[in-house]
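Topology and contacts: notes
Read off the chains here:
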Protein chains: 2
Amino acid sequence: MTVSAESTTDVQVFPLIIGAGPSGLAVAYWMAQYGINARIIDKRSTKIFRGHADGLRGRTLELLDSMGIAHRILQEGYHGAGLKYWRPDGKGGLKRAGQLRSTIWDSSPYRMALLSQGRIERFFLDVIRDASNIDVERGVIGESLGYDESLENDPQAYPITIKLRTLSEEEATPVPNPGITPYRPARDDLEDLAPKRKHDVGTHETVRAKYLIGCDGAHSWTRKQLNIPFEGSHTDHIWGVMDVVPITDFPDIRWPSSIDSPHGHLLVITREDNVVRFYVPLQEEDEITPSFDRSAVTLDMLRERVKSIMSPFSFDFKICHWWAAYQVGRRLAPAVNKGRMYLVGDAVHTHSPKIGLGMNMSIQDGFNLGWKLALVVKEMAPPSILSTYKSERHQLAKMLLEFDQKWAAFFLKQKKKQHQLELDGLPEANPEDIQAMQDVFRENEMFAEGHVSFYKASPIVDKDSTPVAKHLTAGERFPQALIRKQADGQPWWTSRLLNSDGRFRILLLVGDCQLEDQKSRILALNGGLSALQRRFTPPKQKLDSVIEVKAIHSAPLDDVELSDFPPILRQFDETTGWDYSKVWSDSECFWDERCKGNAYEIWGVDRSRGAMVALRPDQYIGWIGELDDVAGVTKYFEGFLREPRPEAVL
Amino acid sequence: MTVSAESTTDVQVFPLIIGAGPSGLAVAYWMAQYGINARIIDKRSTKIFRGHADGLRGRTLELLDSMGIAHRILQEGYHGAGLKYWRPDGKGGLKRAGQLRSTIWDSSPYRMALLSQGRIERFFLDVIRDASNIDVERGVIGESLGYDESLENDPQAYPITIKLRTLSEEEATPVPNPGITPYRPARDDLEDLAPKRKHDVGTHETVRAKYLIGCDGAHSWTRKQLNIPFEGSHTDHIWGVMDVVPITDFPDIRWPSSIDSPHGHLLVITREDNVVRFYVPLQEEDEITPSFDRSAVTLDMLRERVKSIMSPFSFDFKICHWWAAYQVGRRLAPAVNKGRMYLVGDAVHTHSPKIGLGMNMSIQDGFNLGWKLALVVKEMAPPSILSTYKSERHQLAKMLLEFDQKWAAFFLKQKKKQHQLELDGLPEANPEDIQAMQDVFRENEMFAEGHVSFYKASPIVDKDSTPVAKHLTAGERFPQALIRKQADGQPWWTSRLLNSDGRFRILLLVGDCQLEDQKSRILALNGGLSALQRRFTPPKQKLDSVIEVKAIHSAPLDDVELSDFPPILRQFDETTGWDYSKVWSDSECFWDERCKGNAYEIWGVDRSRGAMVALRPDQYIGWIGELDDVAGVTKYFEGFLREPRPEAVL
Ligand SMILES: Cc1cc2nc3c(=O)[nH]c(=O)nc-3n(C[C@H](O)[C@H](O)[C@H](O)COP(=O)(O)OP(=O)(O)OC[C@H]3O[C@@H](n4cnc5c(N)ncnc54)[C@H](O)[C@@H]3O)c2cc1C
Ligand SMILES: Cc1cc2nc3c(=O)[nH]c(=O)nc-3n(C[C@H](O)[C@H](O)[C@H](O)COP(=O)(O)OP(=O)(O)OC[C@H]3O[C@@H](n4cnc5c(N)ncnc54)[C@H](O)[C@@H]3O)c2cc1C
């Protein structure tokens, strides 16, 4: 693959993605799905294999399921819904004070999963390669960035000029922290272990791009080029993080645990195989000294710190997979773009890793921007929809930072109280405080799991829709349920059947399709909806390639025939015959007890009369209306979709 | 990799496996797990990608789960538990006469899964490569076979001499049947798409082997070399099989269905994506004409046959993934070995594909022989245990053939009756006949799913054990249950935690470990069981590397501490600390409703007093006794395990 040219110029690319961490890969995922001519570069010579973030929340896993990779995460990772907490026992020791149990565990097929970021990137890379020729170009950085504002409004123009340089092995390989045990990566990671370069070391390449997406992490080069400040706390607190195979008699070492001892606070995260992650505060928020020297932190300091917090339990380790002194402030960039240059993920926001949301936010950022960008690049939607990236994600980042602050303040208060109790000679954990912690946890659980998102009204989120579904809200995720495919009876989670393939979806919750009334309502939908599809679909493409219509009825599967549904729900293709994937049933499955036929109740939709829902490609609800409100749903799509020009060649 | 030598000689290998279909791969799986110097050859230049068998039964999936690959099958395949059947409607058409529903769907986490054999071989190859350097050498056949009987009893000797030849591309590539649509294999199959050769075409290699395993299918070259006859029906019936993307208005085209029309019988098998398999009888058992010319069968003949059977529904297709005129008799080899040369899978037995058991039997054959062979090769057990391969699998093959015959006879009778009804002018399906079919199906379901196996008493199956567990039987599979890991609360199916890594297991069903009485019983086990482990484990290996001890208690997980268990259940390792994988709890999981805390009931074991079970490496029960019967379990292992010689270097 090595091109011997010293310097290549004038390569054109639709979007260039800088950074192949979770957020960059999420953007690249969409580029692959939409078949867009995109490139993605990363300064590191290889993907990461160990360390970094490791927590996936319910919502992220739902999205990963829609990409076809959640099952790999569940097979390899830890998947749970509880957190144990330990407090001083009043006698100089520690006692197990209780367990936080998720109260919303059944609101999703997925709960928190814990697995090394390197594996998650593996799965992303695999689905990107499955769908496209896009592959991360490693050991490459941007050296200079130019932007021609005068071209900004011309969709055909390439206003961005970026000079790339291929790094040497030395430049591209971060020095690992001392003390890390050598390891053998998983077999499917081996191919990506050897550094590969598209160009020779030192090659300069000038690329002109329509869009630039900066996914280059907390120290984003792109952000600096755009002159976007990073606002927030100036003195960071510093955490030690280490992934080790612990040697300890601490009873809950294989449970996610929070330990408050007189010697400090420790967060214990259960991981794949026998790995455990420890978050060790080195400098707490209330003890910040600007002079703290992060580079002086050693693995042995972390070891000793954990030892003292865990005492009287023993603690040590011989195998360390990864460790870092992790310095993080609560920071937010006030803007997420400058013209056609966007920032995503850690480049926009950073916060404490304590709340386990960094990777989730970043994946979801990229997931939010990617499909919109693809639609714009393909001229299927106007560039104006890109502004919803900020209105949707930036406020969430703000909320996240507030949440982080609240958690931190809460813990600080608890800590001080605890300290006072100790001075008073009453050092045992206080049940009231524990209750208070549970309350904070519960209050925020839907938010932390990503099951609420508060996306605002915009052209792609119609908040004025008719309230025909009690538990469906425009701008929120479509809640998951286990339903059955009419044609073959298979029970699938909605997260899987509403797969992230780039299409909008109209979900016809057709209610009881055995009622005569309802039958005629359903048949009547065909004309209007197929006209809507036809309008927005390029002439030579399949009718469902921009907007897919799927139906979910509430009658018993065995009492219904697929042929009762109108053609739009069983489209005919000359080569492959009828489409059997569009009609689903909310009914029990005799061989899967989790499939209860209660999806309509989950959605708060009337089992007889049903409703209609428009979903964006990212499975967020764009519009809700009456089942026969074809005019309404048409208006929704007219609000932002562009009719294809006959000469469009994308 | 190409070795230029014209002829290599005197290569030594412990076992040589001939044939890399499902049975050969199952044997190779064990060789990889035990780290055995094995080779596996196959005459085809590549693995298969399409066609061949496609049905996996519950028990096979349990075994695949124990190898860590069941989740991949469920993600890609169809997974169901029902069969629809269609009969004449009395008016010249067809009507849906009912649905066979599995009545034992909850006896396993897995039911029938349908996926192309090529994918299943993919997953096998992956786990074999994960664990070893063993890889299939393709485009290689055996040309001559010699056996020196005088060496048979010397474990160090290589009594088998086999001459291998590397085939040319032409010889090694079967001519595909005309009419197959070109395709792009899955990305992870691409690597195996290009033919690879270890040696140059034409190279002869002489290999001396300790054992030879012939897994070379129905027309086994090995069987012929061993002069073992293939006994059974002389006139085969002939089936057409085709995997197509159907274009049809037949309502149940995406359901496993059995269609009996006046024009013949059709079996419809739901497959991954939009593929459907059709089994079309070309020559039924009652209409066998020896003159039928299989080579004259064309894809269009199959198409026309299905069209007429399915009428008045329409039928056609444009995409055909694979088809064959499949000629099969009911045949059984009377012997499964000659000295140290064994036959496995289709090389021993063939039967109608109608009952969907070919691949299952073959995988289970290989799975049964493989670990025994490994133990013998490693001198951990005497060669005499190999005779249990025949006593266990051959009788099952016989039963399978009888079952096949019974099914066929039943259908023949039904067909005749139907024909008579038609002559009588009463051609509608008879409810009694349908009931009779359901009865036959139910009667045989546990057998068909592989959940009963009738393994006989032998040194590795102690049938005299105490009846302390109502639903556990020596010689049968250990019934699956969803239980929780004490250390981290994760609910796992037993099929996963009892993973196929080559170890025997002693399961301590320790009952209610909170009872004082029971506590002392548990603690008392430590000495005897660790002495047993030590006796049979090579000096430098970990104590649990030959026999692992695991405990499953019946108390609520949260009320129990791991530290209450004796050291054998939390072995300490200087590098990795305590082992957290050995203690499990049969209790509810608050975040997984399928985890009900009813495993003891499934096993029929007293929740207070418990029981002890010894499992073979293949998860079949070897011995059952009282929880404290250390003497009994020791006697069981003494019956066939060999104490390691200090100088053993394997
Ligand atoms: C060393 C480290 C340790 C971390 N530890 C934790 C932790 O313990 N817990 C936790 O929750 N989160 C942790 N995080 C943060 C977590 O990984 C992020 O929240 C998450 O990965 C954000 O994803 P992202 O894609 O936005 O950024 P990142 O994952 O940071 O990805 C940015 C990518 O851009 C590349 N890049 C950077 N600059 C350039 C450039 N100029 N040119 C080209 N490529 C560039 C980087 O090599 C990287 O691959 C850590 C991050 C880092 C870097
Ligand atoms: C063409 C074909 C079609 C089939 N169709 C169906 C079906 O529709 N439904 C069904 O249930 N079952 C079908 N089967 C049978 C099913 O595949 C088997 O029951 C199952 O695969 C048995 O596994 P096995 O490993 O014992 O044998 P096989 O899967 O037959 O594997 C034997 C392997 O040995 C190799 N081999 C053969 N001879 C030699 C030699 N001399 N030297 C080296 N290698 C050799 C072959 O290339 C093959 O890879 C079919 C089998 C074949 C061959």
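Note that the structure is predicted; figures quoted are calculated from it, not measured.

**So, the relation of the copies chain A and chain B**
- Laying chain A over chain B is done by rotating through 180° and shifting 0.0 Å along the axis; what remains is an RMSD of 0.0 Å. Taken together, the turn and the small shift mark the pair as related by a two-fold rotation axis. By C-alpha distance to the rotation axis, the residue of chain A lying nearest is His71(A), at 3.5 Å.
- The fraction of interface residues of chain A whose copies in chain B are also interface residues reaches 100%, indicating that both copies meet through the same surface.

**Here's the deal with the side chain of Arg271(A)**
Residue and element names in this part refer to chain A.
- Mapped onto the elements, Arg 271 comes out in the loop between strand E15 (264-270) and strand E16 (276-283).
- Looking at Arg 271, the relative accessible area reads 3%, which means it is buried.
- Setting aside residues up to four positions removed in sequence, Arg 271 forms contacts with Asp 54, Tyr 78, Leu 114, Leu 115, Ser 116, Asp 243, Arg 254 and Arg 277.

**Focus: the sheet that holds strand E16 (residues 276-283) of chain B**
Residue and element names in this part refer to chain B.
- Taken in spatial order, the seven strands of this open sheet run E6-E5-E14-E15-E16-E13-E17, and their pairing is mixed. Looking at strand neighbours, the two that pair on one side only are strand E6 (94-101) and strand E17 (315-328), the edges of this open sheet. Averaged over neighbouring strand pairs, the angle between their axes works out to 20° when direction is ignored.
- Of the strand pairs in this sheet, strand E13 (residues 237-248) and E17 are connected by 12 bridges, and their pairing is antiparallel. The partner of Val 244 across the bridge, within E17, is Cys 320.
- Contacts from helix H8 (residues 299-310) reach E6, E13, strand E14 (257-261), strand E15 (264-270), E16 and E17, with the element oriented near 105° to E17.
- Strand contacts of helix H11 (residues 431-448): strand E5 (82-88) and E6, with the helix running at about 30° to E6, the strand carrying the most contacts.

**Regarding unusual backbone geometry**
- Along the chain, Ser311(A) connects to Pro312(A) via a cis peptide bond; the corresponding omega equals 15°.
- One non-glycine residue, Asn227(A), adopts positive backbone phi at about 60°.
- Turning to its location among the elements, Asn227(A) is positioned in the loop between helix H7 (221-225) and strand E12 (231-232).
- Exposure remark for Asn227(A): the relative accessible area of 65% places this residue in the exposed category.
- Positive phi is not limited to glycine here, since Glu379(B) has a value of about 55°.
- Summarising the element assignment, Glu379(B) is placed in the loop between helix H9 (358-377) and helix H10 (387-423).
- Among the residues examined, Glu379(B) registers a relative accessible area of 14% and is labelled buried.

**Focus on the interface of chain A and chain B**
- Taken together, the 58 residues of chain A in the interface contact 58 residues of chain B.
- For the chain A and chain B pair, buried surface summed over both sides reaches about 5100 Å², with 48% attributable to carbon and sulfur atoms.
- The largest share of the area that chain A buries against chain B comes from Arg187(A), Phe590(A) and Trp591(A), three residues that together contribute 15% of it.
- Inspection of the region where chain A meets chain B yields 12 salt bridges.
- Among the salt bridges present, the one from Arg101(B) reaches Asp558(A), with a minimum N-O distance of 2.9 Å.
- At the surface where chain A touches chain B, the tally comes to 26 residue pairs in polar contact (both at pLDDT 80 or more).

**Some thoughts on the site of ligand 1**
Residue and element names in this part refer to chain A.
- If you check the shell around ligand 1, you find 29 residues, and the closest are Ser 23, Asp 42, Gln 117, Tyr 279 and Asp 346.
- Protein chains shield 85% of the accessible area of ligand 1, which is 950 Å² for the free molecule.
- Only helix H1 (22-34), strand E9 (140-147), E16, strand E17 (315-328) and helix H9 (358-377) provide two or more residues apiece to the shell around ligand 1.
- Per-class residue counts for the shell around ligand 1 are 14 nonpolar, nine polar and six charged.

**Focus on the site of ligand 2**
Residues and elements named next belong to chain B.
- As a matter of local geometry, ligand 2 sits amid 29 residues, with Ser 23, Asp 42, Gln 117, Tyr 279 and Asp 346 nearest to it.
- For ligand 2, a nitrogen atom lies 3.0 Å from a polar atom in the backbone of Lys 43.
- Burial of ligand 2 by the protein amounts to 85% of the accessible area it has alone, namely 940 Å².
- Mapped onto the shell around ligand 2, the elements with two or more residues apiece are helix H1 (22-34), strand E9 (140-147), E16, E17 and H9.

**What to know about the UniProt feature "domain: Phenol hydroxylase-like C-terminal dimerisation" (unreviewed entry) in chain A**
- As recorded in UniProt, the feature "domain: Phenol hydroxylase-like C-terminal dimerisation" (unreviewed entry) lies at residues 455-643 of chain A.
- Across residues 455-643 of chain A, helical content stands at 21% and strand content at 24%; the span's end C-alpha atoms are separated by 26 Å.

Calculation rules
- Residues numbered from 1 in each chain as written.
- Chains lettered and ligands numbered in written order.
- Predicted model: local features only at pLDDT ≥ 70, side-chain atom pairs only at ≥ 80, totals over all residues.
- Heavy atoms only, no water.
- Least-squares fit on C-alpha atoms with pLDDT ≥ 70 in both.
- Contact = heavy atoms within 4.5 Å.
- Helix = DSSP H or I, 4+ residues; strand = E, 2+ residues; numbered from the N terminus.
- Buried < 20%, exposed > 50% of the residue type's maximum accessible area, 1.4 Å probe, protein only.
- Pairing = 2+ DSSP bridges.
- Axes fitted to C-alpha atoms, helices over the stretch in contact; angles between N-to-C directions.
- Buried area = accessible area lost by both parts, 1.4 Å probe.
- Salt bridge = Lys/Arg side-chain N within 4 Å of Asp/Glu carboxyl O.
- Polar contact = N/O pair within 3.5 Å; in protein donor to acceptor, adjacent residues only side chain to side chain.
- Near = heavy atom within 4 Å.
- Areas by Shrake-Rupley, 256 points an atom, 1.4 Å probe, with all protein chains shown as cover.
- Nonpolar A, V, L, I, M, F, W, Y, C, P; charged D, E, K, R; others polar.
- UniProt positions renumbered as here; feature names shortened; annotations may be inferred.

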